[in-house]
Amino acid sequence: MRTTARVTVPIVLVLSISLFLQGHNLPGGGFIGGVLTTAALVLIYVAYDLDYLESGVLGQEVESGTSIFEHRTVLAYRRTLLLGLLVVFGSGVAGFLVGDPFLTQTYVHLEGVPIYHEVELASALVFDLGVFLVVVGSLLTIVSVVSAE
Amino acid sequence: MAPDLTVVTTAVAVPFVAAVLAPLLYRVLGERTGYAGAAVAAASFGLLATQVGSHGTVRSPWIPALEVGLQFTIDGWGLLFALLASGIGVLVFVYSARYMHGESGLARYYAALLAFMGSILGVALASDLVFIFVFWELTSLSSFVLIGHYTEDAESRYSARMAMVVTVGGGLCLLAGLLVLAVAARGALGGVTFDLAAMLANDEAMRASLRESGLFVPALALVVTAAAAKSAQVPLHFWLPNAMVAPTPVSAFLHSATMVKVGVYFLGRVRPLMMSPEWVLLVATLGLLTMTVGALLAVAATDTKELLAYSTASHLGLMVAGFGFDVVYGGEAGTFHLLNHALFKAPLFLVAGIVAHEAGTRNLDNLGGLWRELPITAAITGVAALSMAGIPPFNGFYSKELLFEATYEVAHEAGGLAWLYPGVATVASVFTVVYSVKFLAMFVGERRAPIADIHRPPLALVGPPAALATAAAVVSVAPQLAVDAIVQGAVEATATGKAHLEVGLPTHFSPPVGMSAVAIVGGLATYPFTERLAAGIGRGVDAPIPVRPSGWYDCAVSTATTTSARFGPLVHNGLLRTYVFWVAAAGSVLALAGFAATAGVPELDVVGVPLAVTVVLVVAVLAGLAVVTASSHVAGVLTLAILGFMIAIFFILASAPDLALTQLVVETLVLLLFLLVLQRLPSFYADVRPLVLARDAVLSILVGAMAFASVLLTTPGPDADPSSVAEYYTAQAVPGGGGSNVVNVVLVDFRAFDTLGELLVVTVAAIAILVLVTMRIRGEEAVTEGEEEPVSDGGDLP
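Residues numbered from 1 in each chain as written. Chains lettered and ligands numbered in written order. Predicted model: local features only at pLDDT ≥ 70, side-chain atom pairs only at ≥ 80, totals over all residues. Heavy atoms only, no water.

Chain B is annotated in an unreviewed UniProt entry as DUF4040 domain-containing protein of Halobacterium bonnevillei. According to its UniProt record, chain B has this under Subcellular location (unreviewed entry): "Cell membrane". (UniProt positions renumbered as here; feature names shortened; annotations may be inferred.)

Our focus in this paragraph is the overall build of chain B. Looking only at helices and strands, chain B features 31 helices and 2 strands. When the accessible area of chain B is evaluated, it comes to approximately 35800 Å², of which 69% is carbon and sulfur surface. (Helix = DSSP H or I, 4+ residues; strand = E, 2+ residues; numbered from the N terminus. Areas by Shrake-Rupley, 256 points an atom, 1.4 Å probe, with all protein chains shown as cover.)

All right, on to the overall build of chain A then. Each helix and strand in chain A was counted, giving 5 helices and 2 strands. Listing every helix and strand of chain A by position from the N terminus yields α-α-α-α-β-β-α. Scored against the burial criterion, the 149 residues of chain A give a buried share of 44%. Excluding contacts between residues fewer than 6 apart, the proportion of contacts in chain A whose partners are at least 24 apart in sequence is 59%. Accessible surface computed for chain A: about 7700 Å², of which carbon and sulfur atoms make up 67%. (Buried < 20%, exposed > 50% of the residue type's maximum accessible area, 1.4 Å probe, protein only. Contact = heavy atoms within 4.5 Å.)

For helix H12 (residues 259-274) of chain B, spanning 16 residues, the distance from its first C-alpha to its last is 23 Å, which sits close to the expected 22 Å at 1.5 Å a residue. Of all 16 residues that make up H12 of chain B, 16 are buried, and the element is covered over most of its length. (Expected span 1.5 Å × (residues − 1).)

This brings us to the pattern of salt bridges. Residues and elements named next belong to chain B. Applying the stated criterion to the full structure yields 6 salt bridges over all chains. A salt bridge links arginine 269 to aspartate 75, with the shortest nitrogen-to-oxygen separation between them at 2.7 Å. Of this pair, arginine 269 sits in helix H12 while aspartate 75 sits in the loop between strand E2 (68-74) and helix H3 (76-99), placing them 194 residues apart in sequence. The pair arginine 269 / aspartate 75 is uniform in exposure class, with both members buried. With a closest N to O distance of 3.5 Å, aspartate 203 and arginine 207 form a salt bridge. Of this pair, aspartate 203 and arginine 207 both sit in helix H8 (residues 203-212), 4 residues apart, roughly one helical turn. (Salt bridge = Lys/Arg side-chain N within 4 Å of Asp/Glu carboxyl O.)

Time to look at the confidence of the model for chain B. Scored by pLDDT, chain B has a mean of 83; 92% of the residues are at 70 or more. Counting contacts from residues 786-798 of chain B, a segment whose pLDDT is below 50, to residues more than four positions away or on other chains yields 19 contacts. (pLDDT = per-residue confidence, 0-100.)

As a further point, take the side chain of serine 143 of chain B. Residues and elements named next belong to chain B. Following the sequence through the fold, serine 143 ends up in helix H5 (residues 129-147). Accessibility expressed as a relative area gives 1% for serine 143, which makes it buried. Setting aside chain neighbours within four positions, we find serine 143 in contact with Leu254, His255 and Met259.

Now for the nonpolar core. Counting 185 residues, the largest nonpolar core has Trp239 and Phe325 of chain B as the members making the most contacts within it. Looking at this core element by element, the count peaks at 16 residues for helix H15 (residues 328-359) of chain B. Not counting chain neighbours up to four residues away, the residues in contact with tryptophan 239 of chain B comprise Met162, Ala163, Val166, Thr167, Ala229, Lys230, Ala232, His255, Met259 and Val260 of chain B. Phe20, Tyr77 and Val145 of chain A together with Val773 of chain B belong to the second largest nonpolar core, which has 46 residues in total. (Core = buried A, V, L, I, M, F, W, Y, C linked by side-chain atoms within 4.5 Å.)

All names here are of chain B. Of all the bends in helix H1 (residues 5-29), the greatest reaches close to 55° and is centred on leucine 21; the proline proline 23 follows between one and four positions later. Listed as buried for H1 are Val7, Val8, Ala11, Val12, Pro15, Ala18, Ala19 and Ala22. Among the structural elements, helix H2 (33-49), E2, helix H4 (106-125) and H5 are those in contact with the buried residues of H1. Between a side-chain oxygen at the N-terminus of H1 and the backbone nitrogen of threonine 6 the separation is 3.0 Å; the capping residue is aspartate 4. The first or second residue beyond H1 is glycine 30, which carries a positive phi of 65°. (Bend = angle between axes of the 7 residues up to and from the residue. Polar contact = N/O pair within 3.5 Å; in protein donor to acceptor, adjacent residues only side chain to side chain.)

Let us now look at the packing of aromatic side chains. Residue and element names in this part refer to chain B. For the structure on display, the rule yields 17 aromatic pairs over all chains. Their ring planes at 15° and their centres at 5.5 Å tell us that tyrosine 95 and tyrosine 99 sit as a pair that is stacked. Placement of the pair is tyrosine 95 and tyrosine 99 together in helix H3, with a separation of 4 residues, close to one helical turn. For tyrosine 95, a relative accessible area of 0% puts it in the buried group. Residue classification places tyrosine 99 among the buried residues on the basis of a relative accessible area of 13%. (Phe/Tyr/Trp six-rings, centres within 6.5 Å; stacked < 30°, edge-to-face > 60°.)

Residues and elements named next belong to chain B. Locating glutamine 488 in the fold gives a position in helix H20 (residues 479-494). Here glutamine 488 falls in the buried class, since its relative accessible area comes to 10%. When sequence neighbours within four positions are dropped, the list of residues in contact with glutamine 488 reads Val483, Ala499, His500 and Leu501.

All names here are of chain A. Between helix H1 (residues 2-22) and helix H2 (residues 30-47), the least distance of the axes is 8 Å, while the angle of their chain directions is 165°. As judged from the angle between their axes, H1 and H2 are roughly antiparallel. Note on packing geometry: the crossing formed by H1 with H2 is left-handed. In this structure, H1 contributes Arg2, Ala5, Thr8, Val9, Val12, Leu13, Leu15, Ser16, Leu19 and Phe20 to the contact, and H2 contributes Gly30, Ile32, Gly33, Leu36, Thr37, Ala40, Leu43, Ile44 and Ala47. (Axes fitted to C-alpha atoms, helices over the stretch in contact; angles between N-to-C directions. Parallel < 35°, antiparallel > 145°, perpendicular 65-115°, else oblique. Left-handed = near helix turned anticlockwise from the far one by under 90°.)

So, on to the environment of leucine 13 of chain A. Residue placement: leucine 13 of chain A occurs in helix H1. Sequence separation between leucine 13 of chain A and leucine 41 of chain A is 28 residues, and the spatial gap between their C-alpha atoms is 8.8 Å.

What follows is the structure, given as structure tokens:
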């Protein structure tokens, strides 16, 4: 199980990011990418445990004995959720600065970028990033808290 | 002359503003707040007095697209009522300042009284049905607070609750009736509107529209029920005598002069709109019945305020009956008596308050010969009580005579059973004379029971009833003066055709004059037998429950209480699965009922389904069956996954790759989660009880049927043309949103606001689960500390 997780999790993560990025033109998007990322992290959780992300990947000491609500990883998830909401609201409010209504989106085409030649930058991507973060944060919060029971 | 919007709005708003400020005023002024209230009432009165003679509708739009706005119609009828309310309000506030001396809770008292006065002005002047309803309910609400003024007293609380239930229940009927009228306006006025003035202007079209849709009788019944509850008509009269636990100024103001007249006022208002044979039958009969029953009960009463309460019900019946008849005299009787009744009944209540204040009792059997100590009060009572009895030349006589003329004219034209109308009216008037004399008798004759020293009442107590009695005397001497000043305008507003009111003492004999003579002579002749009569009525009232409507009320309230006490634990038992069961079942049944009532059965094109889709769906159904019958958790989870993946494949076949991708990802996540909890689940729960199994199966089928029907009925068929919205999104995705994935562009750009809402839902779900888990842990801690607290078992958590 752990071997499988070691192999699959990076692939799943890369896939989820690519799904998230291509979402504007091909099937994908913030929600799907978010759920897939969650799936990858849950896979780690099932294979190892909640602390593995911190101790194994980031190489930090883990203080044990705190309740699940104060657990550092869960706090990080909750912050992700909050950050996502902020990004979503921020992307909506940003339109005010240029005089557009709330949540107005726009896009630009950049040409001449190395490798990709032409890149489209849509402000909707920021909004989608917020969606991504909210989905990841809330799902992981739920999963970790409930499974700690 | 057109009315002035600012003046009218200010007149209505000032009492409400004062009501909000009442606690502050009380802190500054103390018991003199009553005089401040009188000033407020006088301000409203003065503002409205400037509008006398004007006629018309003014509105200030708020949401023009929905026709929502403040709208007032000024005419004689509304002004008469509003001026009465504010004028008597001035006197009642002055009286209160003295009468409520030394009482507690005065800030609340004055706030409620002021709010009440503002609501009455609102009802009288508003012509937007929504506003009328709001003000109507506000009068009930402030009346509730005022009746329950003595919050420590159980009887006071009981009576306040009873008045609230009856009048607010009537208010709900009014709401339904007003909605029916608004719907009928669609046919008559070309659009749903709440504009009562427009409805009254097009009354022919409104009646035709109501008749056409078969809603005329329901609308009539609802409006009349609402008015009957408010105006204490039989069989909903029982709350009024109970409301007499309120302080006397409240009884004089709310329960004689104003609030109970709101129903009468509204009947007069819609009379031109709803006049029809059904109206006559219902309203006139109701009014005459109440007139008689109220008079009989008043004869049997021994408490001064109780007598006046039943007498009020009886006189309200007189007004209702007047409005019930489809003759000119009827409307005249109703409008003129509204004024006359306020002028004689309010002072009588205030007199009852003085007597209770000075003599210390309200029992009529113990009171007698008070004129020696209270000469001015006795004179006031003389004018008012004789007016109440309808003795010429006092003002009550004129309006009662108009009712007699109305009944006689109706009976003369219709013949047959219609002769009951004048007969009943005369009999009721006989008893009216009896109880009027009975009330007056406490001032004349000899002392009946030893009463300690009786003080002269202070000017603030005698002044208000004296002012009202003087007004009554003026109307008695020169009735045409009052008619020309304001009553004529009110008569015109409530009449179905043209009407010109002329009143005066009769100069020659006519049948209605004979009816008056019979009533007066009969009443005086019956008076010596009052006690025997009262005993007979008492026996009737004490009969088993069916005769007493208050018994029905008690029965209904106690049944409702016990039923809800039994029903509560059934639904609200602390187990999440029970909540889920009720919510899912109720939602599904409601949705299915809605579909069954409105939608037809669409055609199902079973043959045209492609083979691949059929295969996928059949596998999905088989997997679904397998989940239910799976022997172990692992098998169940895996078969559930098959079901999920089949649905994903179905999405691919139906060319919805985004959905398919989402479904696949979610399915994977769910599978992982099951892996997480699988080892913790007990392998064996308990033997399944067949009853529980059946219940769950029924619920599952219900929810499934609801989802199936919703999808079937709400989505367009595959062959249908795409809607204009869909075409817009497809066309605009690339140029407007810069993305070729239409679904995603819709999500993050066109409908980003919806997505934002969904994200909030996800967040709320996360927070809710956090809270749930926290509370569960706390609950367990509480239990481990030794408390016997029921904790839901693990199966309830998601």
